[in-house]
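# Commentary on secondary and tertiary structure
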Amino acid sequence: MIRTLGLAAAVALAATGCGPQKSGAGPASPSSPVAGGSPAASPSTPDDGKAGASSPAASPSQPPSPSSSAPSSSPGVKPIMANGDESDQIRDLQARLRQLKLVSTAPTGFYGSKTTAAVKTFQSQHGLAATGAVDEATWQKVQGLTKKPTEDELRPPTTNEVDAPDPRCMQGRVMCISKESRTLAWMIDGKVVSTMDVRFGSENTPTREGEFQVGWKAKEWTSTIYHTSMPYSMFFSEGQAVHYSSDFAARGYAGASHGCVNVRDKAKLSALFDQVKVGDKVVVYW
């Protein structure tokens, strides 16, 4: 009977379902991996009630139709891009704000606190209502002062600038993972030891946010659902792990994981894997 399954078989049955996805293609499996994906005890810290949530916005804002009339800059005008939204238009906005030297981070397509602050600064500089949200008047002004971003500007190959650490990252040994800047910072007692670019799950298979612990590690691992290689896996939330992704290394942000935190620099992750211990903290945040 199956009742005699050993530990290795039990682990193999755990849904470690983090493999690469093609753009726009969601898996047929549920959005969250099956619970119980580690041979060690589950993390003692809950996921802050955000399991299954990938971004504050349920759907990206749609750009309005071009208007021949001069737009109003009053605060009452409905924004076309605002905090919490996510879209390719926002990626374009962020690249233009970077041209204007109002932001230094690479575009992510998510409208977070840094984009809000940069837009407020731009609006103040040009006599617009400093709401932090982009209305038609702000968007036209930004476009008029910048050039159409190149593909390298929209998705630069260089390493992303690390976001300000979440307060939960300031004590102990922590993998501090920002969804806004798409970075992982390995921190010890509030000091950044190393950083690397990361990507996350799609809307259908989101990477969970919250505070976790590394439950177990595997230098070589293969997804038991998608049968893809997951080198240097460090599992922190059921079947979700930080691991190297050859697909991320090849395609960058054109793809997504099935919920795991993908790293594209294998050498950096190998060094991190040797330093991280079971029980170390993992914080995933916007």
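Residues numbered from 1 in each chain as written. Predicted model: local features only at pLDDT ≥ 70, side-chain atom pairs only at ≥ 80, totals over all residues. Heavy atoms only, no water.

## Focus: the sheet that holds strand β8 (residues 261–263)
Across the sheet, which stays open at both edges, the 9 strands sit in the order β4-β9-β1-β2-β3-β8-β7-β6-β5 with mixed pairing between neighbours. With partners counted over all chains shown, the strands left at the sheet margins are β4 (210–213) and β5 (216–218), one partner each. The average undirected angle you get between the axes of adjacent strands in this sheet is 25°. Pairing between strand β2 (residues 183–188) and strand β3 (residues 191–199): 6 bridges, direction antiparallel. Paired with Ile188 across the bridge in β3 is Lys191. Across the sheet, helix α7 (residues 266–275) is in contact with β1 (173–178), β2, β3, β5, β6 (233–237), β7 (240–244) and β8; its angle to β3 comes to roughly 130°. (Pairing = 2+ DSSP bridges. Helix = DSSP H or I, 4+ residues; strand = E, 2+ residues; numbered from the N terminus. Axes fitted to C-alpha atoms, helices over the stretch in contact; angles between N-to-C directions. Contact = heavy atoms within 4.5 Å.)

## Quick notes on the packing of aromatic side chains
With the rule as written, the count across this model stands at 7 aromatic pairs. Centroid distance Trp216 to Trp221: 5.0 Å. Interplanar angle 85°. Geometry classified as edge-to-face. The burial state of Trp216 is the same as that of Trp221; both residues are buried. Taken together, a centroid distance of 5.6 Å and an interplanar angle of 70° make the contact between Tyr232 and Phe273 edge-to-face. Here the residue Tyr232 occupies a position in the loop between β5 and β6, and Phe273 occupies one in helix α7, the gap between them amounting to 41 residues. For Tyr232, a relative accessible area of 11% translates into the label buried. Grouping aromatic residues by their ring pairs yields a cluster made of Trp216, Trp221 and Phe235. (Phe/Tyr/Trp six-rings, centres within 6.5 Å; stacked < 30°, edge-to-face > 60°. Buried < 20%, exposed > 50% of the residue type's maximum accessible area, 1.4 Å probe, protein only.)

## Some points on empty space enclosed by the protein
Scanning all chains against the criterion turns up 2 cavities of 30 Å³ or more. Looking at the largest cavity, its volume works out to about 100 Å³. Considering the residues around the largest cavity, the lining is formed by Gln94, Leu97, Val103, Thr105, Ala106, Thr108, Phe110, Lys114, Thr115, Glu180 and Ser181. Taken together, the residues of the lining of the largest cavity sort by class into 4 nonpolar, 5 polar and 2 charged. Of the volumes computed, that of the second largest cavity is approximately 40 Å³. Together, Val162, Asp163, Pro165, Cys176, Ser178, Ser181, Thr183, Ala185, Met187 and Tyr285 line the second largest cavity. (1 Å grid on protein atoms, 1.4 Å probe; cavity = no way out; pocket = protein on both sides within 12 Å on 5 of 7 lines; lining within 4 Å. Points joined across faces, edges and corners; volume = space filled by probe spheres on them. Nonpolar A, V, L, I, M, F, W, Y, C, P; charged D, E, K, R; others polar.)

## Points about the pattern of salt bridges
Side chains carrying opposite charge are able to pair once their charged atoms draw close together. By the definition in use, this model includes 12 salt bridges. A salt bridge links Arg155 to Asp88, with the nearest nitrogen and oxygen atoms 3.8 Å apart. Of this pair, Arg155 sits in the loop between α5 (151–154) and β1 while Asp88 sits in helix α2 (residues 88–99), and the two are 67 residues apart along the sequence. With relative accessibility at 58%, the residue Asp88 sits in the exposed group. Overlapping salt bridges bring together Asp88, Glu151 and Arg155 as one network. (Salt bridge = Lys/Arg side-chain N within 4 Å of Asp/Glu carboxyl O.)

## Digging into the nonpolar core
By size, the foremost hydrophobic cluster in this structure holds 22 residues, and its most contacted members are Met175, Ile177, Met234, Val242, Leu269 and Leu272. Within the residue set of this core, elements represented by two or more residues are β1, β2, β3, β6, β7, β8, α7 and β9 (281–285). Filtering out sequence-adjacent residues up to four positions away, Met234 remains in contact with Met175, Val214, Trp216, Lys217, Gln240, Ala241, Val242, Leu269, Leu272, Phe273 and Val276. Counting residues in hydrophobic clusters, the runner-up holds 15 residues, among them Met81, Ile90, Tyr111 and Leu128. (Core = buried A, V, L, I, M, F, W, Y, C linked by side-chain atoms within 4.5 Å.)

So, to be careful, I would describe these as geometric facts and stop short of saying anything about function.
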